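Below, each chain spelled out in residue letters.
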Amino acid sequence: MIDSQADLQRKKGILLVNLGSPKSTAVEDVKTYLDEFLMDEKVIDYRWFFRALLVRGIILKTRPAKSAEAYKTVWTDKGSPLIVITEQIADKLRKVVDVPVEIGMRYAQPSIESGIQKLTAQGVTDIVLFPLYPQYAMSTTETVIDKAEEVRKAKFPHVKIAYVEPFYQRDIYVDCLAESIREKLPETYDAIQFSYHGVPERHLYKTDPTKTCKIGDCCHQEWNPSHKFCYRHQCFKSTALVIEKLGIPKAKTIVSFQSRLGKDKWIEPYTDETLEALPKRGVKHLAVVCPAFVSDCLETLEEIAVEGKEAFLHAGGETFHYIPCLNDEDRWIEVIRQLCEEKLKDFYLV
């Protein structure tokens, strides 16, 4: 209920934020995108000089051409699958909420700034910003919030922003993901692998204000002060809750982490090494799901469904079944609606 005249003068809106994608599969567009992405200090957390030396002096010399070829394998007639799917999610969400909905990307276009601009052009003053990441990480949730606050303070100081918190263990999300997986699982399989995006180990320590994180030791504890900020714990927790809903034995499930970059120590076990080792352990029929992503993208469609499948079969596997992300499934739209509406109500409490 609206309690004051001031509330009547304020208008609510929703901004869905995803990672981003190159403008096209042209090498120069991919290079521009990778430069913005990898130069983010929350992604490669070196001092600026060393980050620039690595990214602009080494990575951008060769990676854009290789990445451009990879993007070509997943690109659609409408463009990047990640952006197309995020737009589809927004379109469906608009039909079930009574406030304006826009999208923004952390990197490239449409930007977070353009999303806020579109909302304010419709009279919006209070924005619920939804980072489309189930688990918390420095290189996902944290950098989105930092960027949004930077833009708000510089360009939209009159706007209030409330952020949807990581929802990796919320019942509505766990139920949604479990049912989606259940419908897509093959009739027979030896194991189901939960492949999450990886992060460097040092990110876990940097994002832990409690300084209680001990990678590996505390991830499986029932409770630890670091869990609110620990990406690795949250991935294992999501998996445990989902397989409980599905009734799948723990022994039949695997958790791993993909997409590592460089020679630094990243959280383990690694997806690529696991895929190559599984056939030797008797796993011949494998199903793989990527719950760190809510929208299919390069990291799922090419890295897992193509490269991962090839690695598994080459190592002696017989069947490989990739389970798509939630994308724009109606049940997922309902989860987004509920989480956003919880935050919309918060504006009336301040």
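In what follows, the accompanying structure is described. (Residues numbered from 1 in each chain as written. Predicted model: local features only at pLDDT ≥ 70, side-chain atom pairs only at ≥ 80, totals over all residues. Heavy atoms only, no water.)

**Let's talk about the pattern of salt bridges**
Thought 1: Under the defined criterion, the tally for this structure stands at 30 salt bridges.
Thought 2: In this structure, the salt-bridge partner of E183 is R331, at a minimum N-O distance of 2.5 Å. On the criterion of sequence distance, the pair formed by E183 in helix α7 (residues 171-184) and R331 in helix α13 (residues 330-346) is long-range, its members being 148 residues apart.
Thought 3: Residue classification places E183 among the exposed residues on the basis of a relative accessible area of 55%.
Thought 4: A salt bridge links R260 to E273, with the shortest nitrogen-to-oxygen separation between them at 3.6 Å. Residue R260 is located in the loop between β6 (253-258) and α10 (271-277), and its partner E273 is located in helix α10; the two are separated by 13 residues in the primary sequence.
Thought 5: Its relative accessible area of 33% is what places R260 among the partly exposed residues. (Salt bridge = Lys/Arg side-chain N within 4 Å of Asp/Glu carboxyl O. Helix = DSSP H or I, 4+ residues; strand = E, 2+ residues; numbered from the N terminus. Buried < 20%, exposed > 50% of the residue type's maximum accessible area, 1.4 Å probe, protein only.)

**Regarding the sheet that holds strand β3 (residues 126-131)**
As a general point, the strands of a sheet are linked pairwise by backbone hydrogen bonds and lie either parallel or antiparallel.
Thought 1: Sheet architecture is open: four strands sit in the order β2-β1-β3-β4, paired in parallel fashion. Edge strands, defined here as strands with exactly one partner in the open sheet, are β2 (101-107) and β4 (160-163). Each neighbouring strand pair of the sheet contributes to a mean axis angle of 30°, computed without reference to strand direction.
Thought 2: Of the pairings in the sheet, the one linking strand β1 (residues 12-20) to β3 comprises six bridges and is parallel in character. For K12, the partnering residue across the bridge sits in β3 and is D126. (Pairing = 2+ DSSP bridges. Axes fitted to C-alpha atoms, helices over the stretch in contact; angles between N-to-C directions.)

**Side note on the side chain of R51**
Thought 1: Along the polypeptide, R51 turns up in helix α3 (residues 48-74).
Thought 2: For the buried R51, no salt bridge exists, and the shortest N-O distance to an oppositely charged side chain is 4.8 Å, to E41.
Thought 3: With residues near it in sequence (within four places) discarded, R51 still touches L38, M39, D40, E41, I44, Y46 and R56. (Lys, Arg positive; Asp, Glu negative; His and termini not counted. Contact = heavy atoms within 4.5 Å.)

**Notes on the nonpolar core**
Thought 1: The biggest cluster of nonpolar side chains holds 114 residues, and the ones touching the most others in it are I14, L16, F130, I181, I192, Y231 and W332.
Thought 2: Here this core takes eight residues from α3, the largest share from any one element.
Thought 3: Ignoring anything within four residues of it in the chain, the contact list for Y231 reads Q135, Y136, A137, Y196, H197, V199, L204, F257, I267 and A292. (Core = buried A, V, L, I, M, F, W, Y, C linked by side-chain atoms within 4.5 Å.)

**So, unusual backbone geometry**
Thought 1: Here Q109 and P110 are connected by a cis peptide whose omega angle stands at -5°.
Thought 2: Within the secondary structure layout, P110 lies in the loop between β2 and α5 (112-121).
Thought 3: In this chain, E268 is followed by P269 through a cis amide linkage whose omega measures 0°.
Thought 4: You can see P269 is positioned in the loop between β6 and α10.
Thought 5: At A108, a position not held by glycine, the phi torsion is positive, near 65°.
Thought 6: Within the secondary structure layout, A108 lies in the loop between β2 and α5.

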